[in-house]
Amino acid sequence: MSNNLTRRHKQPADGDVRVETPEGVNLAAPIADLGSRAVALLIDFLIIAVLFLLLSMLSMFGRTGEGVMLVLMFFVAWTYFIVTEMLMDGASPGKKAMSLRVVADDLTPITLEKSLIRNLFRFVDTFVPPFCGIGAVIMLANDGNKRIGDLAAGTLVIVEARRKRKTLRIEVEPIAPTLALTAKEQRAIVRFANYYEQGYHERANELASRLQPLFPTLSEAEILTNLRGYGRYIKGDE
Amino acid sequence: MKESVFIAQHEVDWEEIDAFLTYQTARRRARAKLDAPVIDAADFPARYRRVCNQLALAENKGYSQRTLERINDLTVRGHQHLYAQKRLKFGSIFDFLFVSFPRVVRQEWKLFWLCSAIFYLPALLTIGILLYNPDYIQIMMDADQVSEFEQMYEPAENERFGESRGADSDVYMFGYYVRNNTGIGLKTISLGVIGYVFTFLILIFNGMLLGVVSGHLLNEGYATQTLFPFVITHGAFELTAIVLSAAAGVRLGHSIFFPGRYTRVNSFKLTARRLMPMILGIVMFFFIAAFIEAFWSAMPLEPWVKYTSGALAWLFVAWYLTFSGRGRVLATEAT
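Residues numbered from 1 in each chain as written. Chains lettered and ligands numbered in written order. Predicted model: local features only at pLDDT ≥ 70, side-chain atom pairs only at ≥ 80, totals over all residues. Heavy atoms only, no water.

**Some thoughts on the confidence of the model for chain B**
All names here are of chain B.
Turning to step 1, where the next piece is worked out: Of the residues in chain B, 92% reach a pLDDT of 70 or more, and the chain-wide mean stands at 85.
Turning to step 2, where the next piece is worked out: Per-residue pLDDT, averaged within each element of chain B, yields its smallest value for helix H2 (residues 28–33) (78) and its largest for helix H6 (residues 109–132) (93).
Turning to step 3, where the next piece is worked out: Scoring of the predicted complex yields 0.78 for pTM and 0.81 for ipTM. (pLDDT = per-residue confidence, 0-100. Helix = DSSP H or I, 4+ residues; strand = E, 2+ residues; numbered from the N terminus.)

**Considerations on the interface of chain B and chain A**
Turning to step 1, where the next piece is worked out: Across the boundary between the two partners, chain B contributes 58 residues, which contact 61 residues of chain A.
Turning to step 2, where the next piece is worked out: Remark: the boundary between chain B and chain A carries 2 salt bridges.
Turning to step 3, where the next piece is worked out: Its salt-bridge partner being Lys269(B), residue Asp105(A) comes within 3.5 Å of it at the nearest N-O pair.
Turning to step 4, where the next piece is worked out: For the pair chain B and chain A, the interface holds 6 residue pairs in polar contact (both at pLDDT 80 or more). (Contact = heavy atoms within 4.5 Å. Salt bridge = Lys/Arg side-chain N within 4 Å of Asp/Glu carboxyl O. Polar contact = N/O pair within 3.5 Å; in protein donor to acceptor, adjacent residues only side chain to side chain.)

**Structural notes on the pairing of strand E5 (residues 155–159) of chain A**
Residue and element names in this part refer to chain A.
Turning to step 1, where the next piece is worked out: Within E5, 4 of the 5 residues are buried, which leaves it mostly tucked inside the rest of the structure.
Turning to step 2, where the next piece is worked out: Where strand E4 (residues 100–104) meets E5, 5 bridges bridge the pair, whose relative direction is antiparallel. For Arg101, the partnering residue across the bridge sits in E5 and is Ile158. (Buried < 20%, exposed > 50% of the residue type's maximum accessible area, 1.4 Å probe, protein only. Pairing = 2+ DSSP bridges.)

**A look at the pairing of strand E3 (residues 26–30) of chain A**
All names here are of chain A.
Turning to step 1, where the next piece is worked out: Burial analysis of E3 places 4 of its 5 residues in the buried class, which makes it a mostly covered element.
Turning to step 2, where the next piece is worked out: Strand direction decides the pairing type here: strand E2 (residues 16–20) and E3, joined by 5 bridges, are antiparallel. Among the inter-strand pairings, Asp16 is bridged to a residue of E3, identified as Pro30.
Turning to step 3, where the next piece is worked out: Between E2 and the antiparallel strand that follows it, E3, lie 5 residues; Gly24 among them carries a positive phi value of about 85°.

**Remarks on the side chain of Asp105(A)**
Turning to step 1, where the next piece is worked out: With respect to the secondary-structure elements, Asp105(A) resides in the loop between E4 and helix H4 (112–120).
Turning to step 2, where the next piece is worked out: Polar side-chain contacts of Asp105(A) include one of 3.5 Å to the side chain of Lys269(B).

**Some thoughts on the environment of Trp296(B)**
All names here are of chain B.
Turning to step 1, where the next piece is worked out: One can find Trp296 in helix H12 (residues 264–297).
Turning to step 2, where the next piece is worked out: Residue Trp296 is classed as partly exposed on the basis of its relative accessible area, which comes to 27%.
Turning to step 3, where the next piece is worked out: Along the primary structure Trp296 and His234 are separated by 62 residues, whereas in three dimensions their C-alpha atoms are 8.6 Å apart.
Turning to step 4, where the next piece is worked out: With sequence-adjacent residues up to four places away left out, Trp296 is seen in contact with Thr233, Phe291, Leu301, Val305, Lys306 and Ser309.
Turning to step 5, where the next piece is worked out: A polar atom in the side chain of Trp296 sits 3.1 Å from the side chain of Ser309.

If you want it as structure tokens, here you go:
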């Protein structure tokens, strides 16, 4: 039943799910963490509570009104997530607020069948102890942060919008490397230079200091600047 | 190729695809505000594959994270659009009603009979005990509860019987049954995955409850006048739905604890998917039962009318689950 066209890779450390598409490229999408999903759930529960409150006004219309209220409450309780996930492309209002989205394991949009299955198990996931739900425990114990419903349906919750990164420019003058560097080494240097520009200065310093024994005449700061300059040169940015 | 040259070369390409995807995924109202995309839908697959190439290239060249993420996000959206799974077909409602629901129940016939036995045998046993010695009711149930349901089914006291009294409350009772019974059924199903001991306990407990009420009222002499005429018609759907929910829950749990030749997760996934028609069918049965219970069972009619409708209901359920959809091809699978 798992789609043969796409293959899931072993979970890497960066919390992205990687899927190989038929075109032979690897897609990456960040997996939502327990915390943001819990907040999303809380928002959805608040909305459901408000809906229940509104519905309870139906009891003004006597016993018949109460009957209608009970039927509608059943539907709100058991189909709120299914309806919102289907109408809003996999994002219930709570998930939308947290910019999360449910997708199938191969990153294709969620189908009705999958939504039905994943939300059938919402009851066990959220209301059965230990803690606030066995789902939370299960989520911590598998790769894709999946609760029981996700495992059953083959769905994933991903983060929709990544935080916007600022334009990355390597802010030093390009320096032509004096050594003959292999392609692999060049890539490593470019990645290092990019890494520095992403703001991880301390860690980059620490990494660069490892090279000190190789270049005893240069200071740590000079090594760092040189590496960044090489990076800029190899990358070839203006 | 320098990264900046690469970006300059494909910038327009990406913007066009971005516009196309935004347009395609927009809702109707939002779509009216957007410009029609430059890309023709027929060209999209080719354009998408080109972006895939660019992603592979960019990864290989070690371009900056920002560029990679931009192409990656575009590819993810393109992938989702291109490989979106088919929406529900019209024929699937027909399939569900006449073919797949009864078919899945038949696939699970062993579990169905096992759960039936676990449900009905305690009921029969309890009735037997109470008929043998009526006084055992005292250790089986609170005196308050006993007098409560005695009153409920007291033949002389009310015109309408069962829990429903007065036409005005029929809708209320419908809502009550829908919310409670269907909710309990769905909970039973999903609880099955954390160990179906609970499922069996729920079955035994409810079976015994049924037995206590029936046995005691038989002793009191109300049973054949009010209780059985009341429950028999909707019972066909409700009791069957209870047994079916237990069977579904047990099957789901079983697929995790004894996955056979599949991995645990895959076995669970496959089973959940296979059982989906049955779960929807259970909800349908609970709704039918609630409807009958609220609007028909409570009507003050002669017992023989109720017994006739009850017999018809049980025959229908038996026929439906045994024969419906045999030898049929699913409408959605037919070519």
